[in-house]
Amino acid sequence: IQNFVNAAVNRVRYFLGFDSTLNSYCQLDTAFTPGGDFKVEIDFSTTTTENQVLTDGDSDVELLFRVQSGKLEVWLGNGSGWLVSAFKGVSTVTDGKLYKAGFSKVGNLYSIYLDNVIEATVTTVGAVTPSVRSLGKRVLNTQYFQGVLANPVLTDLATPANSQAYRLDRPTGNYELP
């Protein structure tokens, strides 16, 4: 774990290394299930191009947000199948640099962000609001993240009181496995 201080805004940032060989990941005590529109943000760094899971849910109504083929990719489950599958950004993100990944839902519009710039959007008729339960692991699979994750922020735009932010370096009632 490394702590960095940004003197310009006097903000401490926390980074946690994940090792896919050791099957390391974080799991939230309670799934983040927003009441409608939402935004998920997480800082990351990796050099591995396939199956790099940033977030996932714990049921079929899930948000699988990962790096696949070197680019950000989203799958959205609606409980009976995939509503959105293999929805991808355009930039390669596996050069070991630190990036801020983001994904949002506003109405029927879903957007992928990279460093706060929209990479891709898709509109669907059957909008779904998924859950997020895991950081760094696909819950129903054996895909793990290899690299660094930091500063996950889960924002419920419909019910701001449900929003959550995590410092991955300390016990917060959430647990890190193994």
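Described below are features of the structure shown in this document. All values derive from a computational prediction rather than experimental measurement.

Conventions and cut-offs
- Residues numbered from 1 in each chain as written.
- Predicted model: local features only at pLDDT ≥ 70, side-chain atom pairs only at ≥ 80, totals over all residues.
- Heavy atoms only, no water.
- Phe/Tyr/Trp six-rings, centres within 6.5 Å; stacked < 30°, edge-to-face > 60°.
- Helix = DSSP H or I, 4+ residues; strand = E, 2+ residues; numbered from the N terminus.
- Buried < 20%, exposed > 50% of the residue type's maximum accessible area, 1.4 Å probe, protein only.
- Pairing = 2+ DSSP bridges.
- Core = buried A, V, L, I, M, F, W, Y, C linked by side-chain atoms within 4.5 Å.
- Contact = heavy atoms within 4.5 Å.
- Polar contact = N/O pair within 3.5 Å; in protein donor to acceptor, adjacent residues only side chain to side chain.
- Salt bridge = Lys/Arg side-chain N within 4 Å of Asp/Glu carboxyl O.

### What about the packing of aromatic side chains?
Then step 1. One pass over the structure, following the stated rule, counts 7 aromatic pairs.
Then step 2. Note on Tyr25 and Tyr144: the rings are 6.1 Å apart at their centroids and 50° apart in plane angle, and the pair reads as tilted. One end of the pair, Tyr25, is in strand β3 (residues 25-32); the other, Tyr144, is in the loop between β12 (132-135) and β13 (147-156), with 119 residues separating them in the sequence. For the residue pair Tyr25 and Tyr144, the accessibility class agrees, reading buried in each case.
Then step 3. Ring geometry for Phe38 and Phe103: centres 6.0 Å apart, planes at 50°, overall tilted. Here Phe103 lies in strand β9 (residues 99-106) and Phe38 lies in strand β4 (residues 38-45), a separation of 65 residues in the sequence. Phe103 matches Phe38 in its accessibility class, with the two residues each being buried.
Then step 4. Every member of this aromatic cluster is reached through a ring pair, and the members are Phe38, Phe65, Phe87, Phe103 and Tyr110.

### Quick look at unusual backbone geometry
Then step 1. We note that Asn23 has phi near 60°; this positive angle belongs to a residue other than glycine.
Then step 2. Structurally, Asn23 is set in the loop between β2 (11-18) and β3.
Then step 3. For Asn23, a relative accessible area of 35% puts it in the partly exposed group.
Then step 4. Positive phi is not limited to glycine here, since Asp115 has a value of about 50°.
Then step 5. Inspection of the secondary structure puts Asp115 in the loop between β10 (109-114) and β11 (117-123).

### Brief notes about the pairing of β12
Then step 1. Here β3 runs beside β12; their pairing, made up of 3 bridges, is antiparallel. Bridge pairing in β12 places Cys26 opposite Leu135.
Then step 2. One ladder, built from 2 bridges, connects strand β5 (residues 52-56) with β12; its direction is antiparallel. Its bridge partner lying in β12, Thr55 is registered against Leu135.

### Looking at the nonpolar core
Then step 1. Grouped together as the largest cluster of nonpolar side chains are 34 residues, with contacts concentrated most on Phe44, Leu54, Leu63, Leu72 and Phe103.
Then step 2. Here this core takes 4 residues from β4, the largest share from any one element.
Then step 3. Residues in contact with Phe44, not counting those within four places in the same chain, are Leu54, Val67, Leu72, Val93, Lys97, Leu98, Tyr99, Ala101, Phe145, Val148 and Leu149.

### Side note on the side chain of Asp43
Then step 1. Assignment of secondary structure puts Asp43 in strand β4.
Then step 2. At a separation of 3.0 Å, a polar atom in the side chain of Asp43 contacts the side chain of Asn151.

### Let's talk about the pattern of salt bridges
Then step 1. Throughout the structure, instances matching the rule amount to 5 salt bridges.
Then step 2. Asp43 is the salt-bridge partner of Lys100, the closest N and O atoms lying 3.3 Å from each other. Here Lys100, found in strand β9, pairs with Asp43, found in strand β4; they are 57 residues apart in sequence, far enough to count as distant.
Then step 3. You can call Asp43 buried: its relative accessible area is 2%.

### Section: the pairing of β4
Then step 1. For β4, a buried count of 7 out of 8 residues is recorded, marking the element as mostly surrounded by other parts of the structure.
Then step 2. Pairing between β4 and β9: 7 bridges, direction antiparallel. In the sheet register, Glu41 faces β9, and the bridge partner there is Gly102.
Then step 3. With 7 bridges connecting them, β4 and β13 associate as antiparallel partners. Looking across to β13, one finds that Phe44 is bridged to Leu149.

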